[in-house]
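A structural walkthrough
What follows is each chain in one-letter form.
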Amino acid sequence: MSSAAVTTASAPATNAGGSALARLGAAFFGRLVIIVPYVWLLFFFLIPFVIVFKISLSQTAIAIPPYTPALDFSGGISGFIAQLKQLSLDNYTWLTQDALYFNAYVTSVIIAAISTVLTLLVGYPIAYGMARAPATIRPTLLMLVILPFWTSFLIRVYAWIGILKPEGLLNQLLLATGVIHQPLIILNTYTAIFIGIVYSYLPFMVLPLYSALEKMDYSLIEAAKDLGCPPTGAFWKITFPLSLPGVIAGCLLVFIPAVGEFVIPDLLGGSQTLMIGKTLWNEFFANRDWPVSSAVAVILLLLLIVPIMLFQRAQARAQEMDR
Amino acid sequence: MIRKALWLSATSAFLTLFTVGGHAEDRVVNVFNWSDYIDSSIIDDFTKETGIKVVYDTFDSNEILETKLLAGGSGYDVVVPSGNFLARQIQAGVFQKLDKSKLPNLSNMWDVISERTSKYDPGNEYSTNYMWGTVGIGYNIKKVQAALGTDKIDSWDVFFNPESLAKLKDCGVYVLDSPADMIPAALKYLGLDPNSTSADDIAKAEEVMLKIRPSIRKFHSSEYINALANGDICLAVGFSGDVFQARNRAQEAKQGVEIGYAVPKEGAQIWFDQMAIPADAQHVTEAHEFINYMMKPEVIAKSSNFVLYANGNKASQQFVDKAILDDPAIYPDVATLQKLYTVQPYDPKTQRIITRTWTKIVTGQ
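Not measured: the values here are computed from a predicted model.

1. A word on the overall build of chain B
The number of helices and strands found in chain B is 17 helices and 9 strands. For chain B, whose C-alpha radius of gyration is 20 Å, the value lies close to the compact-globule estimate of 21 Å for 365 residues. Each principal axis of the C-alpha atoms in chain B carries an extent, and together these give about 65 × 45 × 40 Å. Burial status across chain B gives 52% buried among its 365 residues.

2. Things to note about the domain arrangement of chain B
All names here are of chain B. Entries for chain B in the domain assignment read domain 1 (2–133 + 272–331) and domain 2 (134–269 + 343–363). Here the C-alpha centre of domain 2 lies 27 Å away from the C-alpha centre of domain 1. Each side of the interface is counted separately: domain 1 has 12 residues, and domain 2 has 14 residues. The element contributing the most residues to the side of domain 1 that touches domain 2 is helix α4 (residues 83–91), with 3 residues. For the side of domain 1 that touches domain 2, the residue count by class is 6 nonpolar, 3 polar and 3 charged.

3. Regarding the interface of chain A and chain B
Accessible area lost when the parts come together is the quantity often used to give the size of an interface. Contact residues are listed per partner, giving 25 residues for chain A and 29 residues for chain B. Taken together, the elements giving at least two residues each to the side of chain A that touches chain B come down to α5 (99–132), α12 (263–268) and α13 (276–286) of chain A. Here the side of chain A that touches chain B takes 4 residues from α13 of chain A, the largest share from any one element. Per-class residue counts for the side of chain A that touches chain B are 13 nonpolar, 8 polar and 4 charged.

4. A few points about the pairing of strand β4 (residues 127–140) of chain B
Within a regular beta strand, the side chains point alternately toward one face of the sheet and then the other, so they alternate between its two faces. All names here are of chain B. When you tally the buried positions in β4, you get 14 out of 14 residues, the bulk of the element. Bridge count for β4 against strand β7 (residues 235–239) is 5 bridges, and the pairing is antiparallel. Note on β7: the bridge partner recorded for Gly138 is Ala236.

The rules behind the values
Residues numbered from 1 in each chain as written. Chains lettered and ligands numbered in written order. Predicted model: local features only at pLDDT ≥ 70, side-chain atom pairs only at ≥ 80, totals over all residues. Helix = DSSP H or I, 4+ residues; strand = E, 2+ residues; numbered from the N terminus. Rg over C-alpha atoms; globule rule 2.2 N^0.38 Å. Buried ≥ 20, exposed ≤ 12 C-beta atoms within 10 Å, placed from the backbone. Domains from an automatic or database assignment. Contact = placed C-beta atoms within 7 Å. Nonpolar A, V, L, I, M, F, W, Y, C, P; charged D, E, K, R; others polar. Pairing = 2+ DSSP bridges.

Written as structure tokens, this is what we have:
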């Protein structure tokens, strides 16, 4: 993000030319543009994270707020330091003592990974079709992909209950056409969760894929054809590698929110589904244990951020090697 | 649950704006009550009579309410937690004592109920009853008849006996996703103290629940209303009034679904939803006026007639529909009433065991 900001910011600074004043103004503007994302991150990511992290080091209490110590400066600096000394890593040790948390993390990651692959499989042909469609109807197709966002997410997930339930639309259709003779039990199973996630997150996969595929130069495919490469070979050797940035962006946009997904498993999934979102809910609401739930949240964040950072580093290295 | 939570955060944001932006002369009371739990004409009547505007907001789980209260600065003036939650919240210092001089209608209250609620709130210093009910068995009469050969359920045995519940598995069984309601019921079925905090007893309850687990389709605390009404399931362990709402919806839909409700003879849980005023309420006078208004016999009777729950107001009973007052499932007779047990709040350590046990029952892990 920061490198993108630098390039966009430095462009007006170099092109400005003319008077020194304008150049100074442009430089100031450039700085400002870089600062905005940092300020955003500070207020909406770092500070909330520090607060959550601090709560994860506290202990529960029957009070408002329901943990102790609630840091304040009423006791002066020494009082504040005394409060800091009460913080401990006990809650993190707790998480390692019960396999529940580990299993919940693993299940969430697996469900998210499977959903991401399925979304990619469904989304890629859609994005490819859109990118190859005549330029005149592309905006319409794009609109159709975005259209579901105009309805509430919750209503759309609820609608799937009506479709998937044993007496629902899908079963009625299949029974009427004689494909099945017993209603399929789909609602409240993992299948329903996958359907829900794939459906809900599909636009997040299609849009980056479309933008990658649309930019592609299709004369490359023609060239491959001329040189005797079969269509599948051309796809894997040219189209897919060129769309890779879109694939990666789409997968991250689906995978990350899917790991912490709570609504879809709650509404469509069965009770046996143990995901980290539900575990977190239990700690926070049922046990009123804000510290442990904060610890669960911190670990979840690390679980998501570390692979992304490793991935970005690998990508940056690959880019350098290309040069 | 989540649907409500999202909805709530939106409405409470609105509420905050409202209270900040409101003029000093506008008299307002911010009420936070359970969903589907009032005849909305009561609110209009209250505003007409007193000139106090009611900002009415709803929740559907005690946990959501409690979290808001414990976070502080909820912005609400009247809230309606259940007894066991109320008790713990009083301990946490969430509420202020009621000013009884402002509540002349307290004289209408029903001593049988007040006596029981004083277990949660000694002397009823902080709260007064809104509605009360039981946790029992709601069922689809025809489907149960087909599966079990009887249309009358009167015992926990139909639910906790694995063989019996297995017969109902295919037509669908829903259970409250609430250990604080289900574990005590299992303990009661076993003949143990429903309020036991002993790890051994809780383990026994877990064993009973695990045996019937394969027959349970879903654990959820509100979906069973629709599921029963639509005929999607044949049995649910749930709150009395919710089951009656399902019954009424089924009648309105005219699809031939008939719903019954049983208070098991072994004894069932009786719960109380109590009106209370948060310690940091901004409109304390208005809150008292609202609570006092809700204790008017004809007002609370109107609410009972609408939501199909019994209330703790003795004087209101002459205004309650006869069909409701005479329905032993809503207003149990004395003999049944004596068998009903209350559930006490868990200490944090037991709470953790209970939640963990529940997760194991529900997810198998």
